[in-house]
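Chain by chain, the residues run as shown.
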Amino acid sequence: MRGMGSVDRSESFSVGVLLAAAGGMLDAYTYLCRGGVFANAETGNMVLLGIAVLEGRLPDALRYFVPVLAYAAGVMISVFAERALRGRGRLWKQLTLAAEAAVLALSLAFPGKTFDFLVCVLVSFVCALQVQCFRRLNGNTYATTMCTGNLRSGTERLALYFGTRDARDLAAAMEYYGIIAAFICGAVAGAGLSLYFGDFAVALALVPLSAAGVAVSAGGNGRKSAENV
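Residues numbered from 1 in each chain as written. Predicted model: local features only at pLDDT ≥ 70, side-chain atom pairs only at ≥ 80, totals over all residues. Heavy atoms only, no water.

**Q** Hey, could you run me through the overall build of the protein chain in this one?
**A** The helix and strand tally for the protein chain stands at eight helices and two strands. In the protein chain, the succession of helices and strands from N to C terminus is α-α-α-α-α-β-β-α-α-α. A globule of 229 residues ought to have a C-alpha radius of gyration of about 17 Å, and the protein chain, at 18 Å, matches this closely. In terms of its C-alpha atoms, the protein chain occupies a principal-axis envelope of roughly 50 × 35 × 35 Å. (Helix = DSSP H or I, 4+ residues; strand = E, 2+ residues; numbered from the N terminus. Rg over C-alpha atoms; globule rule 2.2 N^0.38 Å.)

**Q** What exactly am I supposed to notice about helix 7 (residues 167-197) here?
**A** Every α-helical turn comprises 3.6 residues, leaving residues that sit three or four positions apart pointing alike. The terminal C-alpha atoms of helix 7, which comprises 31 residues, lie 44 Å apart, in line with the 45 Å expected from a rise of 1.5 Å per residue. Two to three positions downstream of the cap, the backbone nitrogen of arginine 168 sits 2.9 Å from a side-chain oxygen, assigning the N-cap of helix 7 to aspartate 166. Just beyond helix 7, the residue with positive phi is glycine 198, at close to 70°. (Expected span 1.5 Å × (residues − 1). Polar contact = N/O pair within 3.5 Å; in protein donor to acceptor, adjacent residues only side chain to side chain.)

**Q** Just to check I follow, could you spell out the environment of phenylalanine 115 for this structure?
**A** Relative to the assigned elements, phenylalanine 115 resides in the loop between helix 4 (89-108) and helix 5 (116-133). In sequence terms phenylalanine 115 and alanine 211 are 96 residues apart; their C-alpha atoms lie 28 Å from each other. What phenylalanine 115 contacts, discounting residues up to four positions off in sequence, is Arg34 and Phe110. (Contact = heavy atoms within 4.5 Å.)

**Q** Can you help me understand the nonpolar core in this one?
**A** In summary, soluble globular proteins display a tendency toward joint burial of nonpolar side chains. Val15, Leu19, Leu26, Leu97, Leu104, Val123 and Phe134 are the most contacted members of the largest nonpolar core, which totals 28 residues. Those elements that place two or more of their residues in this core are helix 1 (13-33), helix 4, helix 5 and helix 8 (206-217). At seven residues, the largest contribution of residues to this core is made by helix 1. The residues touching valine 123, leaving out its near neighbours within four places in the chain, are Leu26, Thr30, Ala39, Val103 and Leu104. Formed by nine residues, the second largest nonpolar core is a distinct cluster that contains Tyr142, Cys147, Tyr176 and Ala182. (Core = buried A, V, L, I, M, F, W, Y, C linked by side-chain atoms within 4.5 Å. Buried < 20%, exposed > 50% of the residue type's maximum accessible area, 1.4 Å probe, protein only.)

**Q** Teacher, can you tell me more about the packing of helix 1 against helix 7 here?
**A** To describe two helices that pack against each other, one gives the angle between their axes and the distance between the axes. Where helix 1 meets helix 7, the axes come as close as 6 Å, and the angle between the chain directions of the two elements is 35°. As helix 1 packs across helix 7, the resulting crossing turns out to be right-handed. (Axes fitted to C-alpha atoms, helices over the stretch in contact; angles between N-to-C directions. Left-handed = near helix turned anticlockwise from the far one by under 90°.)

**Q** Mind showing me how you'd approach the packing of helix 4 against helix 8 here?
**A** Remark: helix 4 packs on helix 8, axes separated minimally by 10 Å, with the N-to-C direction vectors making an angle of 160°. Accordingly, the angle class assigned to the pair helix 4 and helix 8 is roughly antiparallel. Of the two possible hands of crossing, helix 4 and helix 8 adopt the one that is left-handed. Residues Arg90, Lys93, Gln94, Leu97, Glu100, Ala101 and Leu104 of helix 4 form the contact with helix 8, whose own contacting residues are Leu206, Leu209, Ala212, Gly213, Val216 and Ser217. Counted by class, the contact of helix 4 with helix 8 contains seven nonpolar, three polar and three charged residues. (Parallel < 35°, antiparallel > 145°, perpendicular 65-115°, else oblique. Nonpolar A, V, L, I, M, F, W, Y, C, P; charged D, E, K, R; others polar.)

This is the structure we're talking about:
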């Protein structure tokens, strides 16, 4: 089981909620406003890619494939950057959120279908930086931009609680479900504002993203919670 040691502020539940809400908003925004491509849900893009290939729509297949490559590139660059900045993890997290905010702000300057492909590629890239950089929630592994793994982990901890009655398992399960709820709420907000404001709805995602950046900047010293097997 996991011990309840002190953690970096970037691993807190509040930061996780903010990042998950932003992730949900961005998925809804890119899907509804930027050509039916998901910013974070690369599994969905792969499914759409396969359907496009089967139906012989190769230009559409490329539209789904390149964001997947951009996402993979984002993960790789994040790994290299984390190694280069070893011991300065909070700085890399701050830079990641700043880069993501810059891309979202830049997308406001490129409304219209002409730039949909470019925006989707850039957003997928910075979302990969985020999901790679923010992987711990009070000592547990989670994802800020997708829900399948969180659903599995949360349900696993809930099942463990029914067997052990360990309050830590129940607390972890509730945190996972809270992150999922935040993602869904972000998707609902992102969808509603995308339908109303169109391409400019992405500005909404800057709100939780900026709040998370402030929290990380004001956060702790990078101490990790203890883990006991």
